[in-house]
Amino acid sequence: MNKGKLHKADDLLNERYGKVGTKSRKIFDNDCARVILGNKIAVSRHQLGISQNRLAEMADIGASTVSRIEVGDDVKLSSLVKVLHELGMNISLERDC
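Report follows, based on the coordinates. All values reported here derive from a predicted model rather than from experimental measurement. (Residues numbered from 1 in each chain as written. Predicted model: local features only at pLDDT ≥ 70, side-chain atom pairs only at ≥ 80, totals over all residues. Heavy atoms only, no water.)

**Digging into the packing of aromatic side chains**
Using the criterion set out here, one finds one aromatic pair in the structure. A centroid spacing of 3.8 Å and a plane angle of 15° characterise the contact between Tyr 17 and Phe 28, whose relative ring orientation is stacked. Of this pair, Tyr 17 sits in helix 1 (residues 9–17) while Phe 28 sits in helix 2 (residues 23–48), and the two are eleven residues apart along the sequence. Residue Phe 28 is classed as buried on the basis of its relative accessible area, which comes to 17%. (Phe/Tyr/Trp six-rings, centres within 6.5 Å; stacked < 30°, edge-to-face > 60°. Helix = DSSP H or I, 4+ residues; strand = E, 2+ residues; numbered from the N terminus. Buried < 20%, exposed > 50% of the residue type's maximum accessible area, 1.4 Å probe, protein only.)

What follows is the structure, given as structure tokens:
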């Protein structure tokens, strides 16, 4: 990549993580989705004025699990659902076209 030259975001993603549909790009896209979800959960928790420790108590999970969710690490689905429930959040799923 040349310094000082403007690039399209898609071109940069393709160069670094592979084209859409490749294994490496799928891994990247999945990692991004987890990080985005975790960030939304952290923002919601902050807006409600709840600490990670308190949320963990409310959801009956470990505080480290709340932290892992918020940074986008893999966690058990049951733990994620408990956290979402305690924050009054839900997930709406839709198919990409």
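**Description of helix 4 (residues 63–71)**
Each full turn of the α-helix corresponds to 3.6 residues, which orients residues three or four apart in the same direction. Every buried residue of helix 4 is listed here: Thr 65, Val 66, Ile 69 and Glu 70. Mapping the buried residues of helix 4 onto a view down its axis gives an arc of 135°, with all of them on the same face. In helix 4, those exposed residues whose orientation departs by more than 90 degrees from the buried face are Ser 64 and Val 71. Those residues of helix 4 hidden inside the fold are in contact with helix 2, helix 3 (52–59) and helix 5 (77–87). In the stretch just after helix 4, Gly 72 is the one whose phi turns positive, near 90°. (Arc of directions from axis to C-beta. Contact = heavy atoms within 4.5 Å.)

**Some words on the packing of helix 3 against helix 5**
Two numbers describe how helix 3 lies on helix 5: the axes approach to 9 Å, and their chain directions differ by 105°. Judged on the interaxial angle alone, helix 5 and helix 3 are roughly perpendicular. Judged by residue contacts, Leu 55, Met 58 and Ala 59 of helix 3 engage Lys 82, Val 83, Glu 86 and Leu 87 from helix 5. The residue inventory of the contact of helix 3 with helix 5, partitioned by class, reads five nonpolar, no polar and two charged. (Axes fitted to C-alpha atoms, helices over the stretch in contact; angles between N-to-C directions. Parallel < 35°, antiparallel > 145°, perpendicular 65-115°, else oblique. Nonpolar A, V, L, I, M, F, W, Y, C, P; charged D, E, K, R; others polar.)

**Concerning the side chain of Ser 44**
Note that Ser 44 resides in helix 2. You can call Ser 44 buried: its relative accessible area is 12%.

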